[in-house]
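Below are the chains, spelled out letter by letter.
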Amino acid sequence: MSKNSRTYRLAFWFLRCFCPPHLLEEIEGDLIQRYEHDLKSGNYKVRRAKRRLVWNTIRFFRPGIILRGKKSRKINSFDMFINHIVFAWRIFKKEKFHSLLNVSGLALGISVGIILVLILRYDLTYDQQHINHNRIYRLGARQQMQGDDFHGAITARELAPVLQAEFSQIEKVTRLEVWGRTLVTPSVSETKSFYEEEIIRADSTYFDIFTHKFLAGDKASCLTDLNSVVLTNSASQKYFGTTDVIGKTILIENTIYSITAVIEDVPENSHVKFKILLAGLPDRDWFDTPSESFWNPDVYTYLLVKQGFNPKEFAVAFQTIYHKYFKETGDRIEGKYTPILEPLAAIHLYSTLKADLPQGNIMYLYTLAGVGMFIILLACINYMNLATAKSSGRSMEIAIKKTLGSGNKNLMGAFFIESILLSLISFILALFLVAFILKFTSFNLLIGKNLALDIINQPELLIVAFGISIGVGCLAGSYPALVLSRIPAMKTLRVTQVSYFSGTNTRRILIGVQFIVSIFVVTSTLFMQDQIDFVRSRNLGFEKENVLVIPIQDTVIQKQITPIRNEILKNPNILSVTTSQNVIGMTNTHEKWGMWAESKEGMKVNGFTVFFVGENYLQTMGIELKEGRDFRVGEQGDLLKSFLANEAAVKAMGWDDPIGKKVRFYQATEDAHVIGVVKDFNFASLHSNVEPTLICKIPQEHGFLQVRVTGNVSEAIQSIQNQWESIDSPHPFEYHFLDKRFDEQYKSDVTQIKLLNALSYLCIFISALGLIGLSSFHALRRTKEFGIRKVLGARMSHLISLLSKEAIILMIVASLIAAPASIATVIWWKEGFAFRSSINYLTIVFVLIGAVGLVYSVVFFQSYNAARANPVDSLKHE
Amino acid sequence: MAKEFLGEFEELVLTLVAALKDDAYGAAIAEEIETRMKRDVNLSAVHVTLYRLEDKGFLKSGMGGGTNERGGRRKRIYTITNAGVAVLKAMKEARVDLWKLVPQLKIG
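Residues numbered from 1 in each chain as written. Chains lettered and ligands numbered in written order. Predicted model: local features only at pLDDT ≥ 70, side-chain atom pairs only at ≥ 80, totals over all residues. Heavy atoms only, no water.

Our focus in this paragraph is helix H2 (residues 26-37) of chain B. The terminal C-alpha atoms of H2(B), which comprises twelve residues, lie 16 Å apart, in line with the 16 Å expected from a rise of 1.5 Å per residue. Of the positions making up H2(B), those classed as buried are Gly26(B), Ala27(B), Ala28(B), Ile29(B), Ala30(B), Glu31(B), Glu32(B) and Ile33(B). The inward-facing, buried residues of H2(B) abut helix H2 (21-41) of chain A together with helix H1 (8-20) and helix H3 (43-55) of chain B. Downstream of H2(B) by a residue or two, Lys38(B) has a phi angle that is positive, lying close to 55°. (Helix = DSSP H or I, 4+ residues; strand = E, 2+ residues; numbered from the N terminus. Expected span 1.5 Å × (residues − 1). Buried < 20%, exposed > 50% of the residue type's maximum accessible area, 1.4 Å probe, protein only. Contact = heavy atoms within 4.5 Å.)

On to the interface of chain A and chain B. Contacts between the two partners involve 25 residues from chain A and, on the opposite side, 25 residues from chain B. Together, the buried faces of chain A and chain B total about 2400 Å²; carbon and sulfur atoms form 46% of this surface. Three residues, Glu26(A), Gln33(A) and Arg34(A), lead the burial of chain A against chain B; their summed loss comes to 28% of the area buried on that side. The interface formed by chain A and chain B includes four salt bridges. The closest approach of N and O atoms between Arg74(B) and Glu25(A), which form a salt bridge, is 3.1 Å. Here chain A is connected to chain B by twelve residue pairs in polar contact (both at pLDDT 80 or more). Secondary structure elements with two or more residues in the side of chain A that touches chain B: helix H1 (5-18), H2 and helix H4 (63-66) of chain A. (Buried area = accessible area lost by both parts, 1.4 Å probe. Salt bridge = Lys/Arg side-chain N within 4 Å of Asp/Glu carboxyl O. Polar contact = N/O pair within 3.5 Å; in protein donor to acceptor, adjacent residues only side chain to side chain.)

All names here are of chain B. One non-glycine residue, Lys 21, lies in positive phi territory at about 55°. Note that Lys 21 resides in the loop between H1 and H2. The phi dihedral of Lys 38 falls on the positive side, at around 55°, and the residue is not glycine. With respect to the helices and strands, the residue Lys 38 is situated in the loop between H2 and H3.

Once that is clear, we can look at a nonpolar patch on the surface. Residue and element names in this part refer to chain A. Together, Phe 78, Phe 81, Ile 82, Ile 85 and Val 86 give the surface a local cluster of nonpolar side chains, amounting to about 410 Å² of exposed area. Of note, Phe 78 is situated in helix H5 (residues 77-94). By relative accessible area, Phe 78 is classed as exposed at 52%. (Patch = residues over 30% accessible without salt bridge, like charges linked within 9 Å, V, L, I, M, F, W, Y side chains within 5 Å. Areas by Shrake-Rupley, 256 points an atom, 1.4 Å probe, with all protein chains shown as cover.)

Where like charges cluster on the molecular surface, the positive patch consists of Lys45(A), Arg47(A), Arg48(A) and Arg51(A). Tracing the backbone through its elements, the reader meets Lys45(A) in the loop between H2 and helix H3 (46-58). (Lys, Arg positive; Asp, Glu negative; His and termini not counted. Charge placed at Lys NZ, Arg CZ, Asp CG, Glu CD.)

Bringing the packing of H1(B) against H2(B) into the picture now. Residues and elements named next belong to chain B. Orientation of H1 relative to H2, taken along the N-to-C sense of each, is 105°, at an axis distance of 10 Å. Regarding the angle of H1 to H2, the classification is roughly perpendicular. Here Phe 9, Leu 12, Val 13, Leu 16, Val 17 and Leu 20 of H1 lie close against H2, whose contacting residues are Ala 28, Ile 29, Glu 32, Ile 33 and Met 37. (Axes fitted to C-alpha atoms, helices over the stretch in contact; angles between N-to-C directions. Parallel < 35°, antiparallel > 145°, perpendicular 65-115°, else oblique.)

Bringing the nonpolar core into the picture now. Residue and element names in this part refer to chain A. Counting residues in hydrophobic clusters, the biggest one holds 121 residues, and the most contacted among them are Ile 114, Phe 542, Ile 584, Phe 681 and Ile 695. Among the elements that make up this core, the one with the highest residue count is helix H13 (residues 362-389) (15 residues). Both domains that meet at this core, namely domain 3 (362-534 + 747-876) and domain 4 (554-730), each give it at least three residues. Discounting chain neighbours no more than four positions away, the residues touching Ile 114 are Ala 430, Leu 431, Val 434, Leu 453, Ala 465 and Ile 468. (Core = buried A, V, L, I, M, F, W, Y, C linked by side-chain atoms within 4.5 Å. Domains from an automatic or database assignment.)

This next bit is on H1(B). Note: α-helices contain 3.6 residues per turn, so residues at a spacing of three or four share the same orientation. Residue and element names in this part refer to chain B. With 13 residues, H1 ought to run about 18 Å at 1.5 Å a step, and its terminal C-alpha atoms sit 18 Å apart, in line with that. Every buried residue belonging to H1 is among Phe 9, Glu 10, Glu 11, Leu 12, Val 13, Leu 14, Leu 16 and Val 17, and all of these are buried. Just downstream of H1, Lys 21 is the residue with a positive phi angle, here 55°.

Below is the structure:
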């Protein structure tokens, strides 16, 4: 026996792992007996007998043994489970009104949850389609000099080749140049042209770094030739109606390119979006010294680094680059240059650099997620409140169940099943609701994304959504399950009067939370709306209304500006005409010119925003001249030699008497002078302050024609269009209004507020649902009491105020808590604006009045019947 | 309640429990099947069948005494219940009835 003990131990250890303990002894005994029997019979040698023992043991690993948890399985928990579901379904059908309230609340909550998941998934996976995304960095820089501190996403195009040559840790480098609207003609013979918004130009290394799927053409060689172009699928469909376009030519602006590859459309969640990719970046040759070019960033630079690359080491090693290439100009302008590396996938949400492509905002996501959670919480609270409030009606049921032997755990399970059943019904509703919202409403337009509930292609979405609803069901069911299962059975059965669950305080707190959240969201939204209204209506220092902006497309038209001007001025609806290279509200405010300017310590380089303008600029834009004079009309020597400065520039330079101060372009040899000072005007959004600015009149007017119109605007536009088309036939006539374009800068703010607005309506709606449910229940419960009160002489208004008093007090307390919180939040939010409206405290009062009114009317409608009923009837009520 | 049916192996085990009287337990039944029926039998199958028959109410069981042969482990001794005897009888009679229907061998 002892020599066999090791085999036994092993076999029995295995047996004990799965075998129910009460069967262990007999099975072990039988196994031993059989083994001994095998040995004794002489049919088996020791080793074979041992093997048979082990094999016999293993064969006990079967359902008939493993699942035999008890000797008898008379109690079937599955049957009980089915019973719970049946029960829950009956409760659902019995309380139709409350079930409806609950389901609609939960469905809204779950829909919000699903949409949130979609948004988060979209934003958090930005740029991750590139296989090497965690080895790709974008190189930006902080450039500091007197008057300018520029954190930019761009770098000089001369820098990339230098980095490639000097750093062994860098595997590949590519540069991107993003083009604005460009005229594209499918082929030379074609007369029809399109404006294409998304064109980029990149080095031939582009496809070594970024991952794109090729539909046609060769990845390695498609960008080697300077005149080659890569189209995306949709661009190729748009221009040629097919993807079989390799070798065809396309006219972009005035250059002919030949198509070398077609790739799949760039995923929407990429921060670089393009339809057309041109090959090769030409060199720049207009700088006096090579070192000067390094200080003039113009392209996006992306680095593919090797494994083990350390950004900190890069920053240190960059010093050698600086000394070699930047230092000469850097010393001259007293500048400082610090490289900034951003991981590719972090750019969309976390980059704060200027001169960047459109990006997301992590705070915005947090806000959305936060409000979304609030809404889910509100929906759950609704359920908790209704469920516990109704406990008085169900205490008898619970007591009977307990008497029949149901434990607390069992009861809790039953209540969870009830809430999960509701949440699953809501889940189905929510799926339809979400699909509807995404498909048939302007929601996608509003958030600027293209979300869809594509369950067929992304089945994991369904699982996530299902998970959300189960989670919501559990959250909503947790409190009722805990409370209701504790209702004492004996007391309920003995006391004939229906005992009333005493958790009113908890319920008050829960309603209070709902009120706080709703008021917080509503007041915050209103405050934000205030700020946006303020920003839009603020005097900007120029007149943004009634100005038409028309792009001047090419040099042919540039040369004819004066005749065009004279011609369109004949129309009485046109007041004045000017041109400028950059348009207010469209100006890239990050673009600063390093200029020599007179200061107390002599001429120093300082950063200024510079407007290059044509005739009558101040008059047309309505910018006010503070001192000095405007440019003279005609070519009388003001060209390039005279500057107008704004107040911010005067202040920045510390000029006491600005007129006549010397200013000159970095490369200029001759001094120019300040001839006048204009009042500050906000050429950029009110998120930023007015920067020191110079206005300069240039000989060859170009850029944008700007026309101040009055009276019959459409007639004025028509007359300009006629003029225009007679001169510039190849380009379609285009214009926009200055104020519209200016206000587009607040598009993302407006979007946020619209979304928050929608969410705050949801908050109100869900809270109201909860209130309706509770107050109808309360009214019903107090029918008899009301009858007695009426007999004793109470009037209806008394009764209703009796019911609504509690909710109204709660509402007032809730506003006392929510108002300061929302004020603090909004003050924090407004820090993103350089110009802020003051907080209108009246808003809170209005919200409070509205809220109290809403509470009162909800209670009124719900208790109207109970309060109106004839005491004779209500006293019969049981 | 629907009439209980027994599988072939179940019937075999049930019959052996009845036959072995006070000495009916897993290993003994397995050995008995092997020696009498000359067929290889899986010990775990015997156990599971015994449990199932007990669930159906044809057997009852109790722990018997331990012997040295089994490393001191006690046996679970099975005895057939009245229901078990009834079902065995019923099955046997049904079979005999059926057997009577089979044409007997005739010579000539």
